[in-house]
Amino acid sequence: MGSLGNSANSKAVHESGEDDYDDHKHLSPTHQQLDAGALFVLKSKEKDFIEVTYNLKLKIQRIISLTFNLFYFYYCLIYQLVKFRNVLKDGQKENRNSSLRSWLHCGYHLTTSIVAPPLLSLPFAFTFLGWAAGIISLVVGALVTFYSYNLLSLVLEHHAQLGRRHLRFRDMANDILGPRWGRYFVGPIQFMVCYGAVIACTLLGGQCMKAIYLLSQPNGSMKLYEFVIIFGFLMLVLAQIPSFHSLRHINLISLFLCLAYSACAAAASIYIGNSSKGPKKDYGLKGDTESQIFGIFNAIAIIATTYGNGIIPEIQATIAPPVKGKMFKGLCVCYTVLIITFFTVAITGYWAFGNHSEGLLLSNFLDNGNPLVPKWFILMTNLFTMLQLSAVGVVYLQPTNEVLERTFADPKSKELSARNVIPRVVSRSLSVVIATTVAAMLPFFGDINAVIGAFGFMPLDFILPVVFFNLTFKPSKRSLVFWLNVSIAVVFSALAIIAAIAAVRQIVLDAKTYRLFANV
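Residues numbered from 1 in each chain as written. Predicted model: local features only at pLDDT ≥ 70, side-chain atom pairs only at ≥ 80, totals over all residues. Heavy atoms only, no water.

Student: Describe the overall build of the chain, naming the residues involved and giving the relevant values.
Tutor: The helix and strand tally for the chain stands at 16 helices and 2 strands. Each of the 520 residues in the chain was classed as buried or not, and the buried ones make up 46%. For the chain, the accessible area works out to roughly 26100 Å², and carbon and sulfur atoms hold 67% of it. (Helix = DSSP H or I, 4+ residues; strand = E, 2+ residues; numbered from the N terminus. Buried < 20%, exposed > 50% of the residue type's maximum accessible area, 1.4 Å probe, protein only. Areas by Shrake-Rupley, 256 points an atom, 1.4 Å probe, with all protein chains shown as cover.)

Okay, structure coming up:
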């Protein structure tokens, strides 16, 4: 009976979560203390495990709830925006529609797509070129792109007058070069350029957020990929904006933002350059002869990326007809802002830091984590840059969205039907999620961006416009225009090939430092 009683008591004690041995009076005091300590540790571990499991359960529930509410919010947002757009489209007369889709709005779109934070890498490009070659490259890039964009606009206007209005770059290639060129060359290149720009914007946005975080928490534990993911959530919301035309107010704000952070970057460079805090000025080219030669072409690819657009037909399609002359006015607005920002940042940044200029000029404002200008000034500059990056990313998402929606949408169903709205929200969201994941995994995207500039922006913005013009208008082979266009096509084709080789070489050299989700 005694053994049965002890067994029953042990079972009861064991079920209550205590030790099996309940008869402590037979143990020595030392053993009783050890036994009590073991019991306390066991209870603490069980308590911690239960608490962690409970917290994990709560987090999973919150994530599921947040995801559901987010998608529901997206659905309602898209429904209301598209509905509002349709009301405007149906209820407005032609003159009102013309004022809504004016050349000024086109200027906003062009400015956001060209005058973007990659301009902060221009002083870095100067480190491979030096003063004379750097400034000449900037001037040539401005002249050639302004000229080629105007040629592209004239080609678009000409085909529109013939009843074939081209809304996309690949439509032009299909009509002028043939279906295979549009499907297998121009279309994929434009998709690569636009999606690469989205990835680059997401990465740079995360880097700006990290810079702001480190100003207040110099020894903070958050990693770069966490900030990239946070910025990705902002992009996820903005990606649901229905169309290019819906972005006109955002792009107007973007125009002022690019002026603001360019002015801040130039002012900080002048301040540091005139103080004793900055590095010793050295404008000599670094490396041996081979490195210098490849560096020159790598810098050309960076400048081509900075001047690149790749979506001129999509932007011109936002202008209400007749479009004659309106694109030229929009380009004048864009290039006025471009000249002010590009040349100011490139010259002041390279003057202040010389061949110590970083890939992103804002990185030069910190020396081993110590700010060389007031913290609030760095915070403000990074904030302006980050906000414009979100606008640039959304602009370059538009061609990608169009490709995905044309693939998954049902033209027979209504625009606001669940059959079309749900695929639209899901495809846009997945597009941003994939771009954010790639940006978080590959924070060395600067090297890959040079490849995109060589393979993408140079063909789309420097070569194809002059080819399209010659094939469309067929100018006389004795005319200056014909030979100027041929010269531009030949020279920049050669530069694109060499720059691509230089960019790939740089990736091979830097490959040993690459690491997924690196905290750079």
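The structure having been displayed, the exposition proceeds.
Student: Tell me about empty space enclosed by the protein, and please be specific about residues and values.
Tutor: Summary: where empty space remains is shown by rolling a probe the size of a single water molecule over the atoms. On inspection of all chains with the given rule, the structure shows 1 cavity of 30 Å³ or more. Lining the largest cavity are 18 residues, with Pro118, Ala197, Thr305, Tyr396 and Phe457 positioned closest to its centre. Going through the elements one at a time, α4 (103–114), α7 (179–216), α10 (289–307), α13 (375–408) and α15 (445–473) are the ones with two or more residues in the lining of the largest cavity. Of the residues forming the lining of the largest cavity, the biggest block, 5 residues, is contributed by α7. A per-class count over the lining of the largest cavity returns 12 nonpolar, 6 polar and no charged. (1 Å grid on protein atoms, 1.4 Å probe; cavity = no way out; pocket = protein on both sides within 12 Å on 5 of 7 lines; lining within 4 Å. Points joined across faces, edges and corners; volume = space filled by probe spheres on them. Nonpolar A, V, L, I, M, F, W, Y, C, P; charged D, E, K, R; others polar.)

Student: Can you lay out the nonpolar core for me, pointing to particular residues and giving the numbers?
Tutor: Judged by nonpolar contacts, the single largest core of 116 residues is most densely connected at Leu120, Phe365 and Phe468. Considering every element that reaches this core, the biggest residue donor is α7, with 15 residues. Those residues in contact with Leu120, other than ones at most four positions away along the chain, are Tyr261, Ala265, Val345, Gly359, Leu360, Leu361, Leu362 and Thr385. By size, the runner-up hydrophobic cluster in this structure holds 7 residues, among which are Ala450, Val451, Ala454 and Ala503. (Core = buried A, V, L, I, M, F, W, Y, C linked by side-chain atoms within 4.5 Å. Contact = heavy atoms within 4.5 Å.)

Student: Describe the packing of helix α5 (residues 122–161) against helix α6 (residues 169–176), listing the residues and the values that go with them.
Tutor: At their nearest, the axes of α5 and α6 sit 12 Å apart, and the two run at 70° to each other. Considering their axes alone, α5 and α6 lie roughly perpendicular with respect to each other. Between α5 and α6 lies a crossing of left-handed hand. When α5 is examined against α6, the residues Leu152, Val155, Leu156 and His159 are found in contact with a partner set consisting of Phe169, Met172, Asp175 and Ile176. In terms of residue class, the contact of α5 with α6 is built from 6 nonpolar, 1 polar and 1 charged. (Axes fitted to C-alpha atoms, helices over the stretch in contact; angles between N-to-C directions. Parallel < 35°, antiparallel > 145°, perpendicular 65-115°, else oblique. Left-handed = near helix turned anticlockwise from the far one by under 90°.)

Student: Can you lay out the environment of Ser216 for me, pointing to particular residues and giving the numbers?
Tutor: You can see Ser216 is positioned in helix α7. Each C-alpha atom, one on Ser216 and one on Leu379, is 9.7 Å from the other, the two residues being 163 residues apart in sequence. A polar atom in the side chain of Ser216 sits 3.0 Å from the backbone oxygen of Tyr213. (Polar contact = N/O pair within 3.5 Å; in protein donor to acceptor, adjacent residues only side chain to side chain.)

Student: I'd like a rundown of the pattern of salt bridges, residues and numbers included.
Tutor: Scanning all chains against the criterion turns up 3 salt bridges. Here Asp175 and Arg164 are joined by a salt bridge, their closest N and O atoms 2.7 Å apart. A residue pair is termed long-range when its members are at least 10 positions apart, and Asp175 in helix α6 and Arg164 in the loop between α5 and α6 qualify at 11 residues. Exposure remark for Asp175: the relative accessible area of 31% places this residue in the partly exposed category. Of the charged contacts, one joins Asp171 and Arg168 as a salt bridge, the two residues approaching to 3.0 Å between their closest N and O atoms. (Salt bridge = Lys/Arg side-chain N within 4 Å of Asp/Glu carboxyl O.)

Student: I'd like to hear about the packing of helix α8 (residues 224–238) against α13, residue by residue, with values.
Tutor: Between two packed helices, both the angle of their axes relative to each other and the distance between the axes serve to describe the pair. Running from N to C, α8 and α13 point in directions that differ by 50°, and their axes come no closer than 10 Å. It follows that α8 is oblique to α13 by the angle criterion. The handedness of the crossing between α8 and α13 is right-handed. Contact residues: α8 offers Phe231, Leu234, Met235 and Leu238, while α13 offers Met386, Leu389, Ser390, Gly393, Val394 and Leu397. Considering only residue class, the contact of α8 with α13 consists of 8 nonpolar, 2 polar and no charged.

Student: Any chance you could break down the confidence of the model for the chain for me, citing the residues and the numbers?
Tutor: Per-residue confidence for the chain gives a mean pLDDT of 80; residues scoring 70 or more make up 78%. Predicted confidence in the chain is weakest over helix α3 (residues 94–100), with a mean pLDDT of 42, and strongest over helix α12 (residues 326–353), with 94. Predicted confidence is poor over residues 1–27, with pLDDT under 50, and the contacts of this stretch with residues over four places away or in other chains come to 14 contacts. Below pLDDT 50 for its whole length, residues 77–99 participates in 24 contacts with residues either more than four positions away or in separate chains. (pLDDT = per-residue confidence, 0-100.)

Student: Describe the packing of aromatic side chains, listing the residues and the values that go with them.
Tutor: Counting across every chain of the model gives 18 aromatic pairs. Geometrically, the ring pair formed by Phe482 and Trp483 is edge-to-face, given 5.2 Å between the ring centres and 90° between the ring planes. When its relative accessible area of 15% is taken as the criterion, Phe482 is described as buried. Under the relative-accessibility criterion, Trp483 is labelled partly exposed at 45%. The cationic tip of Lys281 hangs over the ring face of Trp351; the distance from NZ or CZ to the ring centre is 4.9 Å. (Phe/Tyr/Trp six-rings, centres within 6.5 Å; stacked < 30°, edge-to-face > 60°. Lys NZ or Arg CZ within 6 Å of the ring centre and 35° of its normal.)

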